[in-house]
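# Structural characterization, general
One-letter residues, chain by chain:
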Amino acid sequence: MRHGKYPFVISFLAIPVVLYVIYVIGPYAQAFYLALTNYNGFSAPTFVGFENFTRMFHNDLFWKAVQHNLFLLVALPLVTMAIALFLSFMLNVGGRSRGGVRSGVWGSKFYRLVFFFPQVLAVVIVAVLFQQILRPDASGAVNGPLHTLGVSPIGFLTNPTVAMWTVLAVLVWQAVGFYVVLFSAGMSNIPQDIYEAADLDGAGRFSMFFRVTLPLLFDTVQVAWVYLGIAAFDAFALVQVLTVEQGGPDGATTVLANEVYKNFLQSKAGYASAMGVALFFLTLTFAGLTVRLSRRERVDF
Amino acid sequence: MSLSPENQDTVEASPFGKPGLDRRTMLRRTAAASLVAVPGLGLLDACATGGSSGSTPTSGGGAKDKDNPLGVDKKAPLEVVIFAGGYSDGYAKNVHVPIYKKAFPDADVKETATQEISTTLQPRFNGGTPPDVVDNSGSKQMEFGALVDAGQLQDLADLWAAPSVDDPSKTVKDTLLTGTIDQGMFNGKSYVFNYVSTVYGIWYNAKLWATKGWTAPTTWNDFIALLDKIKAAGITPYGYAGANASYYQYLVLLTSAAKLGGTDILKNIDNLTPDSWKNDSVHKAAEAWASVGAKYTDKSFLGLKHTEVQLKQNQDKVALYPSGNWLENEQKKDTPASFEYAMFPIPSLSTSDKMPVTAVWAGAGEPFFVSAKGKNPKGGMEYFRRMLSKEGAQGFTKETGSLTVLQGSAEGLTLPPGLQSSAKALTAAGKDTFYYLFDGWYKDLDQELRAATNELFYGGGTADKFVDRMQKKADAIKADSSIKKFTR
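If you're wondering where the values come from, they're calculated on a predicted model, not measured in any experiment.

## Considering the overall build of chain A
When you go through chain A residue by residue, the secondary structure sums to 13 helices and zero strands. Counting from the amino terminus, chain A carries its helices and strands in the arrangement α-α-α-α-α-α-α-α-α-α-α-α-α. Sequence separation of 24 or more characterises 67% of the internal contacts of chain A that already satisfy a separation of 6 or more.

As structure tokens, then:
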């Protein structure tokens, strides 16, 4: 029955491949083409060479956006994973050892559920919630009490030096829950006897985490890093809804995706595509680097 | 021209509004629009981007007669798309469409409303099947410059020359407030019809003022004295919403400059004339308003949206708020009985201002256009002609609480107090009205000015920095060959 294999396989593959080419590769290719034109969205594009790219490289806002994306690229995975690893360690192995079996701290099932809550909320809702929480006047959840105490309010979203940190904090807040679950799943795959052995050797929680859990979790951490890195290159919806003047004050929180969107709305589709191409290469470089740098021998268990 | 009430339901306005479409949806739609047409990569040239050849009007027109001076084909269908923002779309659905249908019973009129003008309509303009009439407003409006450039807009000259509905001895043009047509001109041709009459001023609570004995200031010294009095009364004297409505304040700043140095200042700014921002009057206006920002406001307003600051005013926590005459209607639901809107024109900066204190920024807002490549452009113009009948205009005012650009359209209507106050200011101003158009022509300049105004007013900026920054941006736009230029 060997001869019937290929038509069978092809018939299954053809449709996804065609759809992928039309809806994924196609638009990419078109964006590359549009980046070299002066397309405005209404009339036929004319070829302008690398003019859009030259303009882009001379645009302060573009560089600001790149900086913010790189900031998120470094900070978002670090902070999110640090918190998520700590929490999932506490939820899974941080508790007292009972008869040699490691388990989470008391109430860990409940916490796991609670930590996941932010993940269920849509980004826009998160943004609107935080807008109210961080409001600079007396109605803000944080600034309200400060107001009553007579302390001058913190401009979470209005102070240009603070605003980007606020965006980072909200991104982390929303992301942590998911990674707690992801790492928990990874940790539950680590055999109990390894912990038991470590326990017998007198390992405390601290060395248990750094010498046992983390190395055995490396694959999951790597996946998380790539996910978070890609998320750092997006951040579009949150910045669009949460921040003052969509990326402000004065461009202090804008990211590449917002610049693409803004220029697209301003009928500069060609220019926006050029930024999209830049974003594409940044993301690609990041993914390539991560996979390459983090390649190492697997520990089988 | 593009000055319209900030839509309550867009992302930046409503705490629980509909989110803007995310990047993925946008990319997906762009992709769909392009690849539905030509699913082959070798033909990229002919994709989404090449389809603007457009269809020729299928309705060449019918016979012209007294009731149909533009010669509309009486059976041709008409499609109208309305921006459902601050004015909603009731005025079209309940007033204008029925009027058109009454005149042309055989025509099939389709009216739809959306808040996402550019995302829903841009693919249709690209594909050559645009709707006939578009209310191109809101924060997702399509850029007029690009539309004009692509030849998508119908020249409205025939409409203005046609006899008006109510008095056939007058042309439509004669029935409009002065400046209406000018504000829809692009390099000498009239493409855009701005329907709503907008008057700008500083708004206050007349009832509160009566109890406090405060009066509207006319000179800058009076104004500062008033701000001091308000401050002493424990109320924040002045403020605007920095998060999404800083253009309310930049309008005030430019009004001060125009009153001080004459309206040519605004014209020069529009025309990107060299050193137009470095003009002494602009500098002085920036200085004056920076000092108001330094002393008489609450810096936390930088992080608030227009509805949030407007609510504070309704609660008498802010005394003065700059806005257009849609404000009263926009706040209708939140205005307590103890609050009654009234406005005064922006006070003169000096005793030797080139314009009188009564001068106001008066514009036409809510831009409509007819698609040149639509199926029924004549029908579209006829629809405008009927919007400008007394019946159409008064119907609009009743539905939205806003006045139209039709002269005397408020006659016989009882107006709410705020609208009355702004109508009075407009009458008092007479010929001394002015406007600018750069915000619609050059979005980049608008964005820069919003940020610069926030910096100046709330961020402790200086007038020097402000004019330098704006001049730099204006020069950059002038030098950028990819941006279509306009003059007036």
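## Digging into the overall build of chain B
In terms of regular secondary structure, chain B is built from 18 helices and eleven strands. Here chain B holds 488 residues, and the buried ones make up 56% of them. By sequence separation, contacts in chain B at least 24 residues apart represent 77% of the contacts at least 6 residues apart.

## Section: the domain arrangement of chain B
Residue and element names in this part refer to chain B. With domains assigned, chain B is organised as domain 1 (55–197 + 363–424) and domain 2 (200–360 + 436–479). Spacing between the C-alpha centres of domain 1 and domain 2 amounts to 30 Å. Counting residues at the interface gives 14 residues for domain 1, matched by 16 residues for domain 2. At the level of elements, α4 (144–149) and α15 (417–429) are the ones that each hand at least two residues to the side of domain 1 that touches domain 2. Take the side of domain 1 that touches domain 2: its biggest share by element is five residues, from α15. Its residues assigned to classes, the side of domain 1 that touches domain 2 comprises four nonpolar, nine polar and one charged.

## Describing the nonpolar core
Counting residues in each nonpolar core, the largest one holds 207 residues, and the members touching the most others are Val167(A), Ala235(A), Leu238(A), Met275(A) and Trp289(B). Looking at which element gives the most residues to this core, the answer is helix α7 (residues 160–188) of chain A, with 13 residues. Taken domain by domain, this core gets at least three of its residues from each of domain 1 (55–197 + 363–424) and domain 2 (200–360 + 436–479) of chain B. Residues contacting Trp289(B), with those up to four places away along its chain left out, are Val252(B), Leu253(B), Ser256(B), Leu456(B) and Phe457(B).

## Things to note about helix α10 (residues 280–295) of chain B
Under the 1.5 Å per step criterion, the end-to-end length of α10(B) is 23 Å for 16 residues, consistent within 8% with the ideal 22 Å. Taken together, the buried positions of α10(B) are Ser281(B), Val282(B), Ala285(B), Ala286(B), Ala288(B), Trp289(B), Ala290(B), Val292(B) and Gly293(B).

## Considerations on the pairing of strand β6 (residues 193–205) of chain B
Residue and element names in this part refer to chain B. Counting buried positions along β6 yields 13 of 13 residues, so the element is predominantly enclosed. Examined bridge by bridge, β6 and strand β10 (residues 360–370) share six bridges and lie antiparallel to one another. In the sheet register, Phe193 faces β10, and the bridge partner there is Phe368. Relative to strand β8 (residues 318–324), β6 runs antiparallel, the two sharing four bridges.

## Topic: α7(A)
In an α-helix there are 3.6 residues to a turn, and that puts residues three or four apart on one side. Helix length check: α7(A), at 29 residues, gives a terminal C-alpha distance of 43 Å against a target of 42 Å (1.5 Å per residue), a fit within 8%. Where α7(A) bends most, at Val176(A), the angle is about 35°.

## Observations regarding unusual backbone geometry
Even without a glycine there, the phi angle at Gln246(A) is positive, about 45°. Residue position: Gln246(A) is located in the loop between α11 (236–242) and α12 (256–265).

## What about the environment of Pro417(B)?
All names here are of chain B. Tracing the sequence through the fold places Pro417 in helix α15. By C-beta crowding, Pro417 is classed as partly exposed, having 13 other C-beta atoms within 10 Å. Taking the C-alpha atoms as reference points, Pro417 and Met470, separated by 53 residues in sequence, lie 38 Å from one another. Discounting residues that sit within four places of it in the chain, Pro417 has contacts with Ala206, Glu340, Tyr341 and Ala342.

## Observations concerning the packing of helix α3 (residues 60–92) of chain A against α12(A)
Residues and elements named next belong to chain A. Relative orientation of the contacting elements α3 and α12 amounts to 145°, with a least axis distance of 8 Å. Contacts from Leu61, Phe62, Ala65, Val66 and Asn69 in α3 reach Leu256, Asn258 and Glu259 in α12. Of the residues contributing to the contact of α3 with α12, the split by class is five nonpolar, two polar and one charged.

## Things to note about the pairing of strand β9 (residues 341–344) of chain B
Residue and element names in this part refer to chain B. With burial as the criterion, each face of β9 is covered, one bearing Tyr341 and Met343 and the other bearing Ala342 and Phe344. In this sheet, β9 lies alongside β6 in antiparallel orientation, the contact comprising four bridges. Along β9, the bridge assignment pairs Trp203 with Met343.

## Digging into the confidence of the model for chain B
All names here are of chain B. Summary statistics for chain B give a mean pLDDT of 83 and a share of 87% for residues scoring 70 or more. For chain B, helix α1 (residues 23–37) is the element with the lowest average pLDDT, namely 41, and strand β3 (residues 133–135) is the one with the highest, namely 94. The model gives residues 7–48 a pLDDT under 50, and that stretch makes 81 contacts with residues more than four places away or in other chains. Considering only residues more than four positions removed or in separate chains, one finds that residues 50–55, a stretch of pLDDT under 50, has 19 contacts. Per the prediction output, this complex has pTM 0.79; the corresponding ipTM is 0.75.

## A word on the environment of Gly324(B)
Looking at the secondary structure, you find Gly324(B) in strand β8. Residues Gly324(B) and Trp361(B) lie 37 residues apart in sequence; the distance between their C-alpha atoms is 9.3 Å.

The rules we used
- Residues numbered from 1 in each chain as written.
- Chains lettered and ligands numbered in written order.
- Predicted model: local features only at pLDDT ≥ 70, side-chain atom pairs only at ≥ 80, totals over all residues.
- Helix = DSSP H or I, 4+ residues; strand = E, 2+ residues; numbered from the N terminus.
- Contact = placed C-beta atoms within 7 Å.
- Buried ≥ 20, exposed ≤ 12 C-beta atoms within 10 Å, placed from the backbone.
- Domains from an automatic or database assignment.
- Nonpolar A, V, L, I, M, F, W, Y, C, P; charged D, E, K, R; others polar.
- Core = buried A, V, L, I, M, F, W, Y, C linked by C-beta atoms within 7 Å.
- Expected span 1.5 Å × (residues − 1).
- Pairing = 2+ DSSP bridges.
- Bend = angle between axes of the 7 residues up to and from the residue.
- Axes fitted to C-alpha atoms, helices over the stretch in contact; angles between N-to-C directions.
- pLDDT = per-residue confidence, 0-100.

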